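In case you want the letters, here they are:
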Amino acid sequence: MKHLIRQPTYDLNDRPFMIIWETTHACDLACRHCRAEAIPEHDPLSLDFEEAKRLLEQVESFGRPRPIFIFTGGDPFKRSDLFELLAYGNQLGLAMAVSPSGTPLLNEANLRRVKENGAKAISLSIDGSTPERHDDFRRVPGSFALTTRGWQIAREVGLKLQLNTTVTRYNLDDLPNIFRLVAEYGAMTWSAFFLVPTGRGKAEDEISPAEYEAVMHFLYDCSKYISAKTTEGHHYKRVVLQRSILDEKGLAVEDYFDLHPVYFQLREGLRQVVAEKGLIQKENIIRTPMHINAGNGFVFISRRGDVFPSGFMPISVGNVREKSLVEIYREAPLFKSLRDPSQFEGRCGLCEFVGVCGGSRSRAYALTGDPLAEEPFCTYEPGSFPFQEELAARLNTPAEVTI
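Residues numbered from 1 in each chain as written. Predicted model: local features only at pLDDT ≥ 70, side-chain atom pairs only at ≥ 80, totals over all residues. Heavy atoms only, no water.

Visitor: Give a detailed account of the overall build of the chain, specifying residues and quantitative values.
Guide: Within the chain, the regular secondary structure consists of 14 helices and 10 strands. Scaling as 2.2 N^0.38, a compact globule of 403 residues should have a C-alpha radius of gyration of about 22 Å, and the chain matches this with 20 Å. Reported as C-alpha extents along the three principal axes, the dimensions of the chain are approximately 60 × 45 × 40 Å. By the burial criterion, 58% of the 403 residues in the chain qualify as buried. For the chain, contacts bridging at least 24 residues in sequence account for 74% of all contacts bridging at least 6. If you sum the accessible surface of the chain, you get close to 16,100 Å²; carbon and sulfur atoms cover 49% of it. (Helix = DSSP H or I, 4+ residues; strand = E, 2+ residues; numbered from the N terminus. Rg over C-alpha atoms; globule rule 2.2 N^0.38 Å. Buried < 20%, exposed > 50% of the residue type's maximum accessible area, 1.4 Å probe, protein only. Contact = heavy atoms within 4.5 Å. Areas by Shrake-Rupley, 256 points an atom, 1.4 Å probe, with all protein chains shown as cover.)

Right, here's the structure in full:
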């Protein structure tokens, strides 16, 4: 049996797999969807240098294997002590990454300092395949050129790179062309962010649930050529398992899924790019993205030290100025509930995929006010996939684990 489900090697009740810290509110972009509603100025109430060092020490105290720690923002390059903090995290033995913005600060000198001070990877956002489309989304002319140049420099200096694309009605039809950029420039992973209406992100910017399902099937097709995953689109893990069974049986997706017409448009766009670039399918099997979720292997810390299940679920469960992150993560009642899928409601609670998916808890909260409600944008009806025996074998097979 092929091992398709990726999970950490340790108990997520004990430690998270990934921690994201909003280093600053400051950013020189004004993106349509910004969770942080960033502004150019730094927040004077943010964690100072010594408090930030104590936060890194708390992360280290989770023990081995240590969580991945990501410096995000706003734009972390707007924080004057970023490189000193990276150096301190490196001294503590942390695995670190940085998520900068596409501004003039995304330059070779800063990227080299990121690597020299111990970070292994960065993530950049690309939301359109042309300057016109990307810059309209980011609301600052020149961001596309700065981002793509930073993308190339990051690879030249030896940083691993994740490319993020927020999927909205503004760029849905452009996804095959963004895939073309990823294939041309190269990246460790392409992550499609499924918009959660919080911050500047508005419900009217979202595509429909059926269109999201179509995008997930398109991403599965893309993952035969590049590494692809989703953020706040947890039911992509379901799609990976379903499609892997169909592929193994040599069955056509259109015979088993009633997909929105946009899927076939995206698939045709992908086919054209593959033919144009002469891309060859990968030989290794496609596995689900790492199974972590809000408060369940994942934690977000605001610039002021407030702890949230994710950056898209604004329910604070404590503050690192007052209590250790370790204690907050392990003991917060909300986090315990989010790590207990038996408490999930509606279709999520009934679904055979709940143990590998769980739905977007952030979207459930944003749209219903209840973080344990069913995933509002998942179209799957529990038990409706026809190959339940094959599916059960995959779900019950010990997963291939990754630290």
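Visitor: Give a description of the pairing of strand β4 (residues 121-125) that names residues and reports values.
Guide: Consecutive side chains along a regular strand alternate between the two faces of the sheet. Burial of β4 is extensive: 4 of the 5 residues sit out of reach of the surface. Both strand β3 (residues 95-98) and β4 contribute to a ladder of 2 bridges, which runs parallel. Bridge assignment links Ala-97 to a residue of β4, and that residue is Ala-121. In this fold, the crossover linking β3 to β4 by way of helix α3 (residues 108-116) has right-handed handedness. In this structure, β4 lies alongside strand β5 (residues 160-167), joined through 5 bridges in parallel fashion. What sits directly across from Ser-125, in β5, is Asn-164. (Pairing = 2+ DSSP bridges. Right-handed = clockwise from strand over helix to strand, strands pointing away.)

Visitor: Lay out the packing of helix α4 (residues 131-138) against helix α5 (residues 143-157) in plain terms, naming residues and giving numbers.
Guide: Two quantities define a packed helix pair, namely the angle between the helix axes and the distance between the axes. It is the contact of α4 with α5, at a shortest axis distance of 8 Å, that shows an interaxial angle of 105°. Taken together, α4 and α5 sit at an angle that is classed as roughly perpendicular. Counting all contacts with α4, which are made through Pro-131, His-134, Asp-135 and Arg-138, the residues of α5 involved are Ser-143, Phe-144 and Thr-147. Taken together, the residues that form the contact of α4 with α5 break down as 2 nonpolar, 3 polar and 2 charged. (Axes fitted to C-alpha atoms, helices over the stretch in contact; angles between N-to-C directions. Parallel < 35°, antiparallel > 145°, perpendicular 65-115°, else oblique. Nonpolar A, V, L, I, M, F, W, Y, C, P; charged D, E, K, R; others polar.)

Visitor: Describe unusual backbone geometry, and please don't skip the residues or the numbers.
Guide: Backbone torsion omega between Arg-64 and Pro-65 reads -10°, so that peptide bond is classified as cis. Along the polypeptide, Pro-65 turns up in the loop between α1 (49-60) and β2 (68-72). In this chain, Gly-73 is followed by Gly-74 through a cis amide linkage whose omega measures 25°. Within the secondary structure, Gly-74 is located in the loop between β2 and α2 (82-92).

Visitor: Describe in detail the packing of aromatic side chains, supporting the description with residues and values.
Guide: If you walk through the whole model with that rule in mind, you get 16 aromatic pairs. Ring geometry for Phe-194 against Tyr-212: centres 4.3 Å apart, planes inclined by 25°, an arrangement best described as stacked. Within this pair, whereas Phe-194 is found in strand β6 (residues 189-194), its partner Tyr-212 is found in helix α7 (residues 209-222), the two being separated by 18 residues in sequence. With a relative accessible area of 0%, Tyr-212 lands in the buried category. A centroid spacing of 5.8 Å and a plane angle of 80° characterise the contact between Tyr-329 and Phe-335, whose relative ring orientation is edge-to-face. (Phe/Tyr/Trp six-rings, centres within 6.5 Å; stacked < 30°, edge-to-face > 60°.)

Visitor: Kindly report on the side chain of Asn-117, identifying the contributing residues and their values.
Guide: Among the secondary structure elements, Asn-117 is positioned in the loop between α3 and β4. If we skip the residues at most four places from it in the chain, Asn-117 touches Phe-83, Leu-86, Ala-87, Asn-90 and Met-96.

Visitor: Hey, could you go over the nonpolar core for me, with residue numbers and the actual values?
Guide: Formed by 108 residues in total, the largest nonpolar core has its most connected members in Phe-71, Trp-190 and Leu-325. The element best represented in this core is α7, accounting for 8 residues. Residues in contact with Leu-325, not counting those within four places in the same chain, are Ile-19, Leu-55, Gln-58, Val-59, Phe-62, Val-299, Ile-301, Val-307 and Val-320. Among the nonpolar cores identified, the runner-up in size contains 8 residues, and Ala-294, Phe-344, Cys-348 and Leu-372 belong to it. (Core = buried A, V, L, I, M, F, W, Y, C linked by side-chain atoms within 4.5 Å.)

Visitor: Tell me what's going on with the state of the cysteines, and back it up with residues and numbers.
Guide: All chains considered together, the criterion is met by 0 disulfides. With no disulfide partner, Cys-357 has as its closest neighbouring cysteine sulfur the one in Cys-378, 6.2 Å distant. (Disulfide = S-S within 2.5 Å.)

Visitor: Tell me about the pairing of β5, and name the residues and values.
Guide: Taking burial as the measure, the 8 residues of β5 include 7 buried ones, the bulk of the element. In this structure, β5 lies alongside β6, joined through 6 bridges in parallel fashion. When the bridges of β6 are listed, Thr-165 appears paired with Ala-192. With helix α6 (residues 175-185) bridging β5 and its parallel neighbour β6, the resulting β-α-β unit is right-handed.

Visitor: Tell me what's going on with the environment of Arg-394, and back it up with residues and numbers.
Guide: Along the chain, the position of Arg-394 falls in helix α14 (residues 388-396). Residues Arg-394 and Leu-241, 153 residues apart in the sequence, show an inter-C-alpha distance of 8.0 Å.

Visitor: I'd like a description of the pattern of salt bridges, backed by residues and values.
Guide: Using the criterion set out here, one finds 26 salt bridges in the structure. Across the salt bridge formed by Glu-108 and Arg-112, the nearest N and O atoms sit 2.9 Å from each other. Taken together, the residues Glu-108 and Arg-112, both in helix α3 and 4 residues apart, mark about one turn of the helix. We classify Glu-108 as partly exposed; its relative accessible area is 35%. On the accessibility criterion, Arg-112 (37% relative accessible area) is partly exposed. For Lys-249, the salt bridge goes to Glu-390, with nearest N and O atoms at 2.9 Å. Of the two residues, Lys-249 sits in helix α8 (residues 236-249) while Glu-390 sits in helix α14, which places them 141 residues apart along the sequence. What makes Lys-249 partly exposed here is its relative accessible area of 37%. Relative accessible area serves as the criterion here: at 25%, Glu-390 is assigned to the partly exposed category. Through salt bridges with shared partners, a single ionic network connects Glu-22, Asp-43, Arg-303 and Arg-304. (Salt bridge = Lys/Arg side-chain N within 4 Å of Asp/Glu carboxyl O.)

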